[in-house]
Amino acid sequence: MNHRTVIDLERDAEHVHDPLEPEFVSAFDGSVPVRDFLDSGSLFPMRNVSGLSGDGAVGKSFIATQLAIAAASVDLQWLGFEILHHGRTLYLSAEDDRDEVHIRLASICEAEGIDLHSLDETLAFLHCAGHDVVLATEEKGGRVKPTETFARLRKACEKVRPKLLILDPLANLFAVNENSRTSALACIALLRGLAIDFDMHVQLLMHPSLSGLNSGSGTSGSTSWNNAMRSRLYLTTKRGGDDEEEIDPDARYLTPKKSNYAKLGEAIPLRWQDGRFVRADEERPFDGVNVRHLEQVREAFRNGDWRYDERAGDWGGYLIAEIIDADIGRGKKVRDLTKSEKAGRERVRKIISTWMRAEQIGIVGRAGPDRHLSKFFRAG
């Protein structure tokens, strides 16, 4: 048993930050820190909290799951944005049960052409649907008090050490008056404390109020929820607020409604494709690819061994990239790839995924001399 002495406790106390202890600017020596973001779009500041709002069934949990997978994978993008801090991700799901989470994960991974189990050590879920998962309550006098569940969430973060924590949704997490300014600020402050302590980004999913829907702001309750966050995105089925606009069931628009550290942009058009959302304004992966290219690939897979594992030097994606004349940085480590090479590699993954779903190509497992099973591409 680990017995802590008075000396241990005093040493710990010396390192506790007192926010009301004055610090003179002479302490700011050395180089000036640089703002750090989870993504290349500067949407998700590290050590801070962002919001993702959208009406029920619009798909915010789905694109949040896509973000979780992209952050937990080796080098996936998220809706066209580079992930700058790939690492472990923890997702608290208070609305969707374990089976629904599994279905969504499988759908997204298949569409992105990655093996779900490649995320075994980097993506974790807290399955809280149907359970009391209130992180803080409001006492008499309006003071917000964290619950035992919040303490358990902190322990989960200590265990996983995520770079990204996703909480879905706000309505299940805080038993406070959402119209109270002080309560809103206190709840976001609790989450920001977690973000700072674990050097991660916290994303909070939210349902807008009726007025938030009608105004197009996507907000709910006190404006302090929005004010306390450093960034907030709003997912809708329409580009603007025109009620006469015809709704395309596969179209979505993701609009940055607040960004403390980046310029507010136009709505990002998204489209439902192959089991997940993709950028609708991006180049399509099959532009310039024809049947002749497919036949060349199939012939090569019939006559040679090309591995399914992207980490292998003889990965089949390198062959495809050569045939369609795409630069994917063959021989480079992932961290050394240029933005163009990463985009080319993502394009090749999408082509592979599409051809596999169409059964034009497939994979076969073969055991080597050491009985280790390796996967190879084959013609379908």
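For the structure, see preceding data.
This part is about the environment of Pro162. As for its position among the elements, Pro162 is in the loop between α4 (148-160) and β6 (164-168). Distance in space between the C-alpha atoms of Pro162 and His201 is 8.6 Å, their sequence separation being 39 residues. Contacts of Pro162, omitting those with residues within four sequence positions, involve Arg88, Thr89, Leu90, Cys157, Phe198 and Met200.

Direction vectors running N to C along helix α3 (residues 98-112) and helix α10 (residues 339-357) enclose 110 degrees, while the axes themselves pass 7 Å from each other. The angle between the axes of α3 and α10 places the two elements in the roughly perpendicular class. Counting all contacts with α3, which are made through Glu110, Ala111 and Glu112, the residues of α10 involved are Glu346, Arg349, Ser353 and Arg357.

Turning to the sheet that holds strand β4 (residues 136-138), a few remarks are in order. In spatial order, the strands read β5-β4-β7; together these three strands make up an open sheet with mixed pairing. Looking along the sheet, the strands with just one partner apiece sit at the ends: β5 (144-146) and β7 (174-175). Examined bridge by bridge, β4 and β7 share two bridges and lie parallel to one another. Counterpart to Ala136 in the pairing with β7 is Phe174. Those strands touched by helix α5 (residues 181-197) are β4, β5 and β7, and its axis lies near 25 degrees from that of β5.

Note on placement: Ser353 falls in helix α10. With relative accessibility at 4%, the residue Ser353 sits in the buried group. A distance of 2.8 Å separates a polar atom in the side chain of Ser353 from the backbone oxygen of Glu110. In contact with Ser353, not counting residues within four places along its chain, are Glu110, Ala111 and Gly113.

The next thing to look at is the pairing of strand β12 (residues 276-279). Residues Arg276 and Val278 point to one face of β12 and Phe277 and Arg279 to the other, with burial holding for every one of them. In this sheet, β12 lies alongside strand β11 (residues 268-273) in antiparallel orientation, the contact comprising four bridges. Directly across from Leu270, in β12, lies its bridge partner Arg279. Where β11 folds back on β12, the antiparallel hairpin that results is connected by two residues, among which Asp274 adopts a positive phi of roughly 55 degrees.

Once that is clear, we can look at the sheet that holds β11. Across the sheet, which stays open at both edges, the nine strands sit in the order β3-β2-β6-β8-β1-β9-β10-β11-β12 with mixed pairing between neighbours. For this open sheet the edge positions go to β3 (123-127) and β12, each flanked by a neighbour on one side alone. Recorded for the sheet is a direction-independent mean angle of 25 degrees between the axes of neighbouring strands. Contacts between α4 and the sheet are confined to β2 (89-93), β3 and β6, with β2 contributing the most and set at about 150 degrees to the helix.

Attention shifts here to α10. Across its 19 residues, α10 extends 27 Å between first and last C-alpha, which sits within 8% of the 27 Å expected from 1.5 Å per residue. For α10, the full list of buried residues reads Glu341, Gly344, Arg345, Glu346, Arg347, Val348, Arg349, Lys350, Ile351, Ile352, Ser353 and Trp355. Among the structural elements, α3, β12, α8 (291-303), α9 (316-324), β13 (361-367) and β14 (373-379) are those in contact with the buried residues of α10. With its phi angle positive at about 60 degrees, Glu359 sits one or two positions after the end of α10.

Where strand β10 (residues 251-259) meets β11, four bridges bridge the pair, whose relative direction is antiparallel. The residue bridging Tyr253 from the neighbouring strand is Pro269, located in β11.

The end-to-end C-alpha separation of α3 is 21 Å, in line with the 21 Å expected for 15 residues at 1.5 Å each. If you check which residues of α3 are buried, you get Val101, Arg104, Leu105, Ile108, Cys109, Ala111 and Glu112. The buried residues of α3 occupy an angular sector of 160 degrees when the element is viewed end-on, so they sit on one face. For α3, exposure combined with an orientation more than 90 degrees from the buried face picks out Asp99 and Ile103. Residues of α3 that are buried in the fold lie against α2 (60-72), β2, β3, β12 and α10. Sitting at the head of α3, Asp97 places a side-chain oxygen 3.3 Å from the backbone nitrogen of Asp99. Positive backbone phi, at 75 degrees, marks Gly113, one or two positions downstream of α3.

Cut-offs used in this document
Residues numbered from 1 in each chain as written. Predicted model: local features only at pLDDT ≥ 70, side-chain atom pairs only at ≥ 80, totals over all residues. Heavy atoms only, no water. Helix = DSSP H or I, 4+ residues; strand = E, 2+ residues; numbered from the N terminus. Contact = heavy atoms within 4.5 Å. Axes fitted to C-alpha atoms, helices over the stretch in contact; angles between N-to-C directions. Parallel < 35°, antiparallel > 145°, perpendicular 65-115°, else oblique. Pairing = 2+ DSSP bridges. Buried < 20%, exposed > 50% of the residue type's maximum accessible area, 1.4 Å probe, protein only. Polar contact = N/O pair within 3.5 Å; in protein donor to acceptor, adjacent residues only side chain to side chain. Expected span 1.5 Å × (residues − 1). Arc of directions from axis to C-beta.

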